[in-house]
Structure formats: C-alpha cells, structure tokens
Amino acid sequence: MERITISLDEELIGQFEEYLKRRRYKNRSEAIRDMIRDTLEADRMENADSGHCIGTLTYVFNHEERELARRLTHAHHHHHDVSISTLHVHLDHENCLETVVVNGPTKQVEEFANAVISQPGVRHGKLNLIPVEVQQEHHHHGSGAHKHSHTHPQT
C-alpha cells in the first residue's frame, strides 16, 4: 500500500465524517478507496461501448398494463444472451419489481435495458453495470468427453 495525503476544508471534512457514520465505515481510507473505485468504474463505463459488462437491471411495472407482460417476456427472449436470471417480486395488487442479472457486450446489455425500460407501464428502471475483461476458456466438465467453450468475466 502507498500512503497519500490530501487536504480538505472544514465543511467538506464534516460532510465526509457524516457520510462515514451513515455508511458505517470503520476508517477514512476504506471509504476513499471505495469512492475512487466507483469513480474509475464510472469512467470506464463511459468509455466502454465495445467492452463487456456484468450487472443488474431493476424496474417496477404494473402487471395490469395491457400486453406489458407479453412485451417484457418478448424483450427477455429477444435478448436471451444477455438476460441471465430474473427475480420477480409482487409489491402490491398491481405492481411488481423485477431485477435481472445481465452479462454480455455493453452495447447489447444497454439495448436490452432500453427495450425494457421504455415499455409503457415500466417505471423506475435503473441499469447498474460493472465493466469486466473477458477470458475465453475451453475445458471439460465432469467426467464426460464433451469440451465446452465459456466466456468468463474477470472483475
């Protein structure tokens, strides 16, 4: 580890100390490391149009909206290569929350998210992505002779 020194004015340090308490950080260094990582990841995502990512798409929708369930299912099937798994939660008699785990080329993941979020009846859509490097691997599974190729994200 390398040690650095920073200077902050009193108002900013006071706000930072409140942030540390709210987030239950044990020390300033860990909070600063997390903030730097978040900033660097956001910067990578802004410049990662052709890269690979993992993440989640979360949205609330009214399941009573005409044909919405069918349109959402169509979007998932149309983007089956990036829509990995879905958690579906019933919030009340009309509204549901879904969180979708996504994995794939950033452009394709964003196209899927836009296809879902833009549907009439979908509210509060939010896509959270983490850029990753990918490694193509060829290996055997189990004791069988079948050789499989996988793309493994490297975070």
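Refer to the preceding data block for the structure.
What counts and what doesn't
Residues numbered from 1 in each chain as written. Predicted model: local features only at pLDDT ≥ 70, side-chain atom pairs only at ≥ 80, totals over all residues. Heavy atoms only, no water. Salt bridge = Lys/Arg side-chain N within 4 Å of Asp/Glu carboxyl O. Helix = DSSP H or I, 4+ residues; strand = E, 2+ residues; numbered from the N terminus. Buried < 20%, exposed > 50% of the residue type's maximum accessible area, 1.4 Å probe, protein only. Pairing = 2+ DSSP bridges. Expected span 1.5 Å × (residues − 1). Arc of directions from axis to C-beta. Polar contact = N/O pair within 3.5 Å; in protein donor to acceptor, adjacent residues only side chain to side chain.

A. Molecular detail of the pattern of salt bridges. Applying the stated rule across the entire model yields 6 salt bridges. Among the salt bridges present, the one from Glu18 reaches Lys21, with a minimum N-O distance of 3.8 Å. Highlighted residues: Glu18 and Lys21, both in helix 1 (residues 10-23), separated by 3 residues, approximately one helical turn. Taking the relative accessible area as the measure of exposure, Lys21 reaches 61% and is therefore exposed. Notably, a salt bridge pairs Arg70 with Glu67, separated by 2.5 Å at the nearest N-O pair. Glu67 sits in the partly exposed class, given a relative accessible area of 42%. Via salt bridges that share partners, Glu30, Arg33, Asp34 and Arg37 belong to a single interconnected network.

B. Inspection of the pairing of strand 1 (residues 52-62) at higher detail. Burial analysis of strand 1 places 8 of its 11 residues in the buried class, which makes it a mostly covered element. Pairing of strand 1 with strand 3 (residues 95-105) involves 11 bridges; the strand directions are antiparallel. Looking across to strand 3, one finds that Phe61 is bridged to Cys96.

C. Structural view of helix 1. For helix 1, which comprises 14 residues, the first-to-last C-alpha distance of 20 Å matches the rise-based estimate of 20 Å (1.5 Å per residue) to within 8%. Residues Phe16, Tyr19 and Leu20 constitute the buried set of helix 1. Around the axis of helix 1, the buried residues are gathered within 100° of arc, so they sit on the same side. Exposed and facing more than 90 degrees away from the buried side of helix 1 are Glu10, Glu11, Lys21 and Arg22. Measuring from the side-chain oxygen of the N-cap residue of helix 1 to the backbone nitrogen of Glu11 gives 3.2 Å; that N-cap residue is Asp9. Note on helix 1: the residue one or two positions beyond its end, Arg24, has a positive phi of about 60°.

Honestly, that's just the spatial picture; any functional story needs more than this.
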